[in-house]
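Coordinate inspection notes
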Amino acid sequence: MAKSASYNKDTFNVVTRSNFEAVLPHVIKLLEKASFVTIDTELSGLCTFRSSRYSIFDDLQQRYSKLADSASSFALLQFGLGIFVYDGEKEKCTCSVFSFHLFPAASPGQPERKFAMQISSIAFLAEHEFNFNATFNQGIPYLSRADEQQQLGRVDNADKEKPAVIDLKKSEDVEFVKSVIEHVDKWVADGSKGKLFLPPCNGYQRLLTYQQIEAKYGEAFYMVKERNPDGAFCVSVTAVSAEEKSTLQAAEANKAVDKIKADVGFRVVIDKISELKLPIIGHNCFLDICHVYEKFIGRMPADLTDFKSKISDSFPLIFDTKFLASKDPELALNGSYSLSDLFKYFEGCREDLLYAPGLQKNLNEHFHDAGFDAYCTGLAFIGLAHKASQGQSLDPLKVFEDSDHRNKLYVMQSPYLAGINLQGPDTEPDRSHIFLLTGFPDTFKSSQLYDALSKVTQSDQFSVQMSHGQTNEAYVSFKSDYQFTDNPVIAQMIKKGQVIIEGQACRWLSFEASRMPPVVLGKRESDESI
């Protein structure tokens, strides 16, 4: 993928901290003309614990909770953005594509930000030649709206909320303060001329310095953390009038505010998309949307309904091309839902679908680069619209904007869920044919459990999935049309809530009952980190 010092409409634009300011005005202008945007993300990991892996038996709240945990734990390393404009004269879309390398802002005096890395995810990115140097060395900073407001609040309250006075008890603290006061006393005796650089100190000692000097000299000095002539951090002291001190403090606050505004960084792009209410297109993008919320809006809400309301306030129209593809009879029959499958499906006619001659001439297939994947998502969106309209339209918004598929996200590895509806009620599927089985021998694998259960029930009309993080817990799913009353053994298991497997009494619960808090809590193994 070609590197770019500034915007180039005929290539994929790689954007880092070094060229972000040069590229940003072009991005803003393109967004102001855009019909829709496509997004993709590359992440430092997917799931934190074994129990947070996806299960086909997750309900929507459970799945959302797993995705919210993932978005809160892992870093967004690269953000792909495709900006598509429908050209009425050509009756085709044009596009510009960007790969933004991101790295959260590290702000002195602010809480340290941390993120997790999942080895398999990092190895996967490395295998696909992901440029980690561009991310870690030149990543564009960003702050969420919530973090920005929190940091601005700290600046605003800096002089209003004084920390509690530290009681000097430790001998080393007493000696340190004694040395500081001696330095200041000598400087005052010499006329308190110029600026006094106190000995280098850490954050705790800096707080002691402020408090003890103010205790002795009141508001006579302006004190601030800065580097001394040798480059070490220390406290500098300057004798000032009340008016001068107020001016210096205001300048210091303005400098802090400017730093926070600069740290907003890439979020300017997200804010513009939100301001313009541009339709967002992703592929299998439930997790991508969660990261957009967590990284650029605020902390993930605990409740799915709350999340749906808040994400819709910022982005009122979202399409998921995997959800759209799953509703296409031909593609559904072939199970061709992956982005690479859709790219190959429409690749032969991409010049008919999209007017971007320079870009497509320079196209270099590079899946799992966020920019390339955003381009592929746009091509899939246009192709699916063209297919759905039976070749009558290449304007995907005209085809899909009023469809039942708007604001519906695909839920992967979940055959029982129809998707998530961001702007309406979700329908939970009938799971009366699913049961939770617990208490069987710890050594059992799924195949052994299947054989043992088949022997007991005299039935093979079911499947078994072991629970993540639990050695003797599994879900048993019968065919949806299975008649339990025709099998007296299973009917008794349902009635008693129990089945005997190899002489061991095991609990047999309906799916609904398994979601309720148990009456007696047994000891559960803690999550094993992966």
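Scope of this entry: the structure provided in the associated data block. Throughout this description, residue numbers start from 1 for each chain and increase along the sequence as written. The predicted nature of this model means local features are confined to residues of pLDDT at least 70 and side-chain atom pairs, given and counted, to a pLDDT of 80 or more, with totals for whole chains, interfaces and linings taken over all residues. As a rule here, side-chain values come from all non-hydrogen atoms in the structure, and water together with hydrogens is ignored.

Here we look at the overall build of the chain
A count of helical and extended segments in the chain gives 21 helices and 16 strands. Note that the radius of gyration is over C-alpha atoms, with the globule rule given as 2.2 Å times the number of residues to the power 0.38. Against the 2.2 N^0.38 benchmark of 24 Å for 530 residues, the chain shows a C-alpha radius of gyration of 30 Å, more extended than a compact globule. Considering only C-alpha atoms, the chain reaches an extent of 100 × 70 × 40 Å along its principal axes. Sorting the 530 residues of the chain into buried and exposed places 49% on the buried side. Every residue pair with non-hydrogen atoms within 4.5 Å of one another is taken to be in contact. In the chain, of all internal contacts separated by at least 6 residues, the share reaching a separation of at least 24 is 72%. Under the convention used here, a 1.4 Å probe and the Shrake-Rupley method define accessible areas, while residue burial counts only the protein chains that appear. A total accessible area of about 26,500 Å² is found for the chain, and carbon and sulfur atoms account for 51% of it. Helix and strand definitions here come from DSSP, where helices need a minimum of 4 consecutive H or I residues and strands a minimum of 2 consecutive E residues; each element is numbered from the N-terminal end. Accessibility here uses a 1.4 Å probe with only protein chains present; expressed as a share of the type maximum, an area under 20% marks a residue as buried, one over 50% as exposed, and anything in between as partly exposed.

Description of the nonpolar core
As used in this record, nonpolar core signifies buried Ala, Val, Leu, Ile, Met, Phe, Trp, Tyr and Cys residues forming a set joined through side-chain atoms within 4.5 Å. Ranked by size, the top nonpolar core spans 53 residues in total, and within it F79, L81, F100, F266 and F307 carry the most contacts. Looking at this core, the elements that each hand over two or more residues are α1 (20-33), β2 (36-43), α2 (60-73), β3 (76-87), β4 (92-101), α9 (267-275), α10 (286-296) and α11 (304-314).

Topic: helix α3 (residues 119-127)
A turn of α-helix holds 3.6 residues, and therefore any two residues three or four places apart point the same way. If you check which residues of α3 are buried, you get S121, I122 and L125. Angularly, the buried residues of α3 cover 95 degrees about the axis, an arc narrow enough to put them on a single face. The exposed set on the far side of α3, more than 90 degrees from its buried face, consists of I119 and E127. Residues of α3 that are buried make contact with β2, β3 and α4 (132-138). Among the residues trailing α3, E129 stands out with phi positive, at a value near 60 degrees. Arc definition: directions from the helix axis to the C-beta atoms.

Brief notes about the environment of F381
Along the chain, F381 falls in helix α17 (residues 370-388). Under the relative-accessibility criterion, F381 is labelled buried at 0%. Aside from chain neighbours lying at most four places away, what touches F381 is F36, I281, F319, T321, L324, P396, L397 and F400.

Describing the packing of aromatic side chains
Side-chain rings of Phe, Tyr and Trp (the six-membered ring for Trp) are treated as a pair once their centres are within 6.5 Å; stacked means planes under 30 degrees apart, edge-to-face means over 60, and tilted covers the remaining angles. Tallied over the entire structure, the rule returns 39 aromatic pairs. Note that K225 overlies the ring of F233, its terminal NZ or CZ placed 4.4 Å from the centroid. In this scheme, the term charge over a ring applies when either NZ of a lysine or CZ of an arginine sits within 6 Å of the ring centre and within 35 degrees of the ring normal.

Quick word on the pattern of salt bridges
One side-chain nitrogen of Lys or Arg within 4 Å of one carboxyl oxygen of Asp or Glu is enough to make a salt bridge. Evaluation of the coordinates by the stated rule reveals 22 salt bridges. One salt bridge connects K308 with D426, and the closest N-O pair in it is separated by 2.6 Å. With a gap of 118 residues between them, K308 in helix α11 and D426 in the loop between β11 (420-421) and β12 (434-438) connect regions that are remote in the sequence. Take K308: its relative accessible area is 9%, and that puts it in the buried class. A relative accessible area of 23% places D426 in the partly exposed class.

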